[in-house]
Each structure stands twice: as structure tokens, then as C-alpha cells.
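Chain by chain, the residues run as shown.
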Amino acid sequence: MTALNEYFSSTLEFVFHPGLLFPKPRTIASDFREHIIKNDARIAAVSGVEFGNAYVKRVRTEPTLRYHSEIPAAAVLVAFEQAPNLGFSMLEGIQRIHFLQGKDVSNVDTISQLGKSLLGMNKETFSEALIKVQLRLPSIAAAANELMQAVASNGFPTLVLETEGEYRKLDHSSAYGKPSLFVSSLSGLIVPNVKHASQGI
């Protein structure tokens, strides 16, 4: 996504639509933990994405493993409202501390560290911004899920290109680990000198 933003920043408007995979706190059962580990291994093999030992250990052994999408989604929205590049930096930061460092990204204290390092916000200011966004999240998530249904998608992430009110789901799976390939593919869909909105869920 960073590569897309860098290449198309003057052509596309990037909008983040969190669909909230875990809209409520969910305790992860042992059988689903194994599903997560196997799915992550498949993703790593296809894309080259690294999953850290601390993350794998947490998924396997943490006595009460809970996932909740609301706090990290709100953090990305807070960053996007300042600038798209900051939104992508926040998203990358959250993925890094979750998938590499094995930290709980639904913890406000953990996320607030990113708010300080990426946005220059102290914990109190960032927490207040999170609360304001959280109040809007239910309607934002509902709209995101409607958009997913409109393009016949049921998976995260979903990338959608909006052109003059028409929506098109983008196939990003073939370009895992090859951002230049996806940039090239997307370039062929964009009419020169026309402003578009690319929406990521």
C-alpha cells in the first residue's frame, strides 16, 4: 500500500474503510489458533511476509488470547485524517508490532506509542482522538461491509477502485511480494488526468 500511495498520490485519493474483522473482543479458542498459524504459514510462503517468533509464541501459548479490531482500526483512521501517508505508516506500524513483535494491538497503551512516534501525539491527546473515532466506527464499518458486498468480497483486505461512481474489486493476491507488479496492473485501469478514489478495507 505504501508503494501505491507513493506512485499514485497525485492521481488517486486513498480512503481507509475498516470492516472490523473482530468488531467485539473475541477470545481465540485453541482450534482457531491452529487455523491462524496454518493460514499465516501459507501467507508467508506465497508473499514472503515474515511472522515473528514472538507473535507465533503468543498465538500458541498465551493463556487468554483476545483479538479486537476496534482500537487498531481507530488508530489508522486517526492517522489517515491527518494525511494518507501517515495512515499507511500507522497501518504498517500496527502490523509490525503485531505480526513481528507479538504485542497486543488492542491495548491503548501499546497503540499510543505509535501515536507518539508517528503522529507526535502524547498519550492523552491520542486517546481522546481514538475515542472520537470509535464513536463513528459502527457506521463506518457498516458502510465498509456494504461496499464489500457490493463487489462480492468476503475477505480482508479488500482493495476497491472507484471510478465515476463505479466500484471494481482489485486482485492483489497475484502481486504479493511484488508491489511493482500491482502498480503496473493498476496503472492500466486508470484513465489519465481523471481523479479516482481507491478504497482499502
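As shown above, the structure is provided for reference.
Note that the structure is a prediction, hence the values are computed from the model and not measured.

Novice: Would you explain the packing of aromatic side chains in this entry?
Specialist: Here the structure, examined in full by the defined rule, presents 8 aromatic pairs. With a centroid separation of 4.8 Å and 75° between ring planes, the pair formed by Y7 and F8 is classed as edge-to-face. For F8, a relative accessible area of 4% corresponds to the buried category. One aromatic cluster is present, formed by F14, F16, F80 and F88 through successive ring pairs. The side chain of R26 reaches across the aromatic face of F32, ending 4.5 Å from its centre.

Novice: What exactly am I supposed to notice about the nonpolar core here?
Specialist: In a soluble, globular protein the nonpolar side chains are often hidden away together inside. Formed by 36 residues in total, the largest nonpolar core has its most connected members in F8, V78, M90, I94, F126 and L186. Elements with a contribution of two residues or more to this core: α1 (2-8), β1 (12-16), α4 (70-82), α5 (84-99), α6 (108-119), α7 (123-150), β4 (159-163) and α8 (179-187). In this structure I94 touches P72, A75, V76, V105, I111 and L114, once residues within four positions along its chain are discounted. In this structure, I37, F51, L65 and Y67 belong to the second largest nonpolar core, which totals 9 residues.

Novice: Got a minute to help me understand the pattern of salt bridges in this structure?
Specialist: Note that side chains of opposite charge can pair when their charged atoms are close. According to the stated counting rule, one finds 4 salt bridges in the structure shown. The residue R58 makes a salt bridge to E62 at a minimum N-O spacing of 2.9 Å. Its salt-bridge partner being E81, residue R136 comes within 2.8 Å of it at the nearest N-O pair. With R136 in helix α7 and E81 in helix α4, this pair connects stretches of sequence that are 55 residues apart. Because the salt bridges share partners, they merge into one network encompassing R58, E62 and D104.

How each quantity is defined
- Residues numbered from 1 in each chain as written.
- Predicted model: local features only at pLDDT ≥ 70, side-chain atom pairs only at ≥ 80, totals over all residues.
- Heavy atoms only, no water.
- Phe/Tyr/Trp six-rings, centres within 6.5 Å; stacked < 30°, edge-to-face > 60°.
- Buried < 20%, exposed > 50% of the residue type's maximum accessible area, 1.4 Å probe, protein only.
- Lys NZ or Arg CZ within 6 Å of the ring centre and 35° of its normal.
- Core = buried A, V, L, I, M, F, W, Y, C linked by side-chain atoms within 4.5 Å.
- Helix = DSSP H or I, 4+ residues; strand = E, 2+ residues; numbered from the N terminus.
- Contact = heavy atoms within 4.5 Å.
- Salt bridge = Lys/Arg side-chain N within 4 Å of Asp/Glu carboxyl O.

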